[in-house]
Amino acid sequence: NRGFTEMHCMSGHSNFVSCVCIIPPSDLYPRGLIATGGNDHNICIFTVDNPAPLYVLKGHKNTVCSLSSGKFGTLLSGSWDTTAKVWLNDRCMMTLQGHTAAIWAVKILPEQGLMLTGSADKTIKLWKAGRCERTFTGHEDCVRGLAILSEMEFLSCANDASVRRWQISGECLQVYYGHTNYIYSISVFPRCKDFVTTGEDRSLRIWKHGECAQTIRLPAQSVWCCCVLDNGDIVVGASDGIIRVFTESLERTASAEEIQAFENELAQASIDPKTGDLGDISADDLPGREHLKDPGTRDGQTRLIKDNGKVEAYQWSVSEGRWIKIGDVVGSSGATQQTSGKVLFEGKEYDYVFTIDVNENGPSYKLPYNITDDPWLTAYNFLQKNDLNPMFLDQVAQFIMDNTKGQTLLSTSNEFSDPFTG
């Protein structure tokens, strides 16, 4: 039996449950406990084998939307009331005050006494023994999720469609782009720095070595949460009320019938072009089914076609070497061909993203460019943004013109020489 079966239906909240967390086994509770946070402002603590709460933690003044457990039975809760609370067994030990908006994410760090909170005020705070030690700024919208990489590093995801990797000392080490809408949840693979994210763009994304290695589309607009199990399987919960488990293991792969049922569900989904999940869709000429004869260039690439007046979206699967239908596009009479071959950069789509090396040993910079852009203005903005010498203006503008002249809109970002190093 590959599936999961329901053991208990636990109830104790008077309104919706917004977060769940496991409290690890202890001498007193060798099987561990389950904590749930609700819209009724309460936290319920359950044992594994009883459907009624062992006890209820009261104290928050609004929805409890995030929970994290630490060693020795400590529990950290985050609430829409802008505070986080630290609990030990059935007592509130301290209240963390400092955020100016709802706290959507909380995490207890491995080092004793250190805690993280992420808020709709766009900041993350590091707390030690109840005092705010540091505030991390950089996200441009609500922080929705946190994940711990090590004692020194953590990840955050936000409504700005980005993931950030931070050092506890305060430095942002990396920003990852790939999602086209809010990112709700982030979870790390055991014993490595790879991670998964889910969001409002109908997708689960798997990140390896700092790149988005795989995109799995789901037949639901909002993919609210994800978690990686100890065996490496990925569990996601979505707005269609279904929990799905994805695996790399052949033994645990679903049956051919179940996989076909999932693909059928995906194919029947309706995609609203206003969400931006597929880039800008215009009502111009769209290729027909023959467009699917050409293989995709990367995993998760989307392609739109028009079939009998209907617009359909397909996604390329590298492992299977075929286009998989991910839904019908509603409310649009078509899209431009360039939509299907654009390159994503910082959450937006471009016709080209060039990699530019200013000198042999220095860092490389990304230069995004659309056919409709002015090469001189793009070159000027690129130099300004990266604090580079304005004397390179002619060189960069000429490089853009040389590398986009006569090329089709569907371009990858590698087939050109660098303006600085040749």
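What counts as what
Residues numbered from 1 in each chain as written. Predicted model: local features only at pLDDT ≥ 70, side-chain atom pairs only at ≥ 80, totals over all residues. Heavy atoms only, no water. Pairing = 2+ DSSP bridges. Helix = DSSP H or I, 4+ residues; strand = E, 2+ residues; numbered from the N terminus. Contact = heavy atoms within 4.5 Å. Axes fitted to C-alpha atoms, helices over the stretch in contact; angles between N-to-C directions. Buried < 20%, exposed > 50% of the residue type's maximum accessible area, 1.4 Å probe, protein only. Polar contact = N/O pair within 3.5 Å; in protein donor to acceptor, adjacent residues only side chain to side chain. Phe/Tyr/Trp six-rings, centres within 6.5 Å; stacked < 30°, edge-to-face > 60°.

Visitor: Help me get a handle on the sheet that holds strand β26 (residues 310–317), residues and values and all.
Guide: Spatially, the 4 strands line up as an open sheet ordered β24-β27-β26-β25, and their pairing is mixed. A strand with exactly one partner marks an edge of an open sheet, and here the two such strands are β24 (270–271) and β25 (302–307). Pairing between β26 and strand β27 (residues 322–329): 7 bridges, direction antiparallel. Paired with Trp316 across the strands is Trp323, a residue of β27. Set on the sheet, helix α1 (residues 256–268) makes contact with β24 and β27; between it and β27 the angle comes to about 45 degrees.

Visitor: Give a description of the side chain of Ser162 that names residues and reports values.
Guide: Among the secondary structure elements, Ser162 is positioned in strand β15 (residues 162–167). For Ser162, a relative accessible area of 1% translates into the label buried. At 3.5 Å, the side chain of Ser162 forms a polar contact with the side chain of His139. Of the polar contacts made by the side chain of Ser162, one reaches the side chain of Asp160; its length is 2.8 Å. With sequence-adjacent residues up to four places away left out, Ser162 is seen in contact with His139, Ser156, Cys157, Val175, Tyr176, Tyr177 and Ile183.

Visitor: Please give an account of the packing of aromatic side chains that cites residues and values.
Guide: All told, the structure shown has 14 aromatic pairs when counted by the stated rule. On the basis of an interplanar angle of 35 degrees and a centroid distance of 4.6 Å, the ring pair of Tyr184 and Trp224 is categorised as tilted. Placement of Tyr184 in strand β17 (residues 183–188) and of Trp224 in strand β21 (residues 223–228) is noted, with a sequence separation of 40 residues between them. Residue classification places Trp224 among the partly exposed residues on the basis of a relative accessible area of 43%. Ring centres 6.0 Å apart and planes at 70 degrees place the aromatic pair Phe246 and Phe262 in the edge-to-face group. Of this pair, Phe246 sits in strand β23 (residues 243–246) while Phe262 sits in helix α1; the two residues are 16 residues apart in sequence, bridging distant segments of the chain. Overall, the relative accessible area of 19% leaves Phe246 in the buried class. Accessibility expressed as a relative area gives 18% for Phe262, which makes it buried. Clustering of aromatic rings is evident, with ring pairs tying together Phe136, Phe154 and Trp166.

On their own, these measurements won't tell you what the molecule is for.
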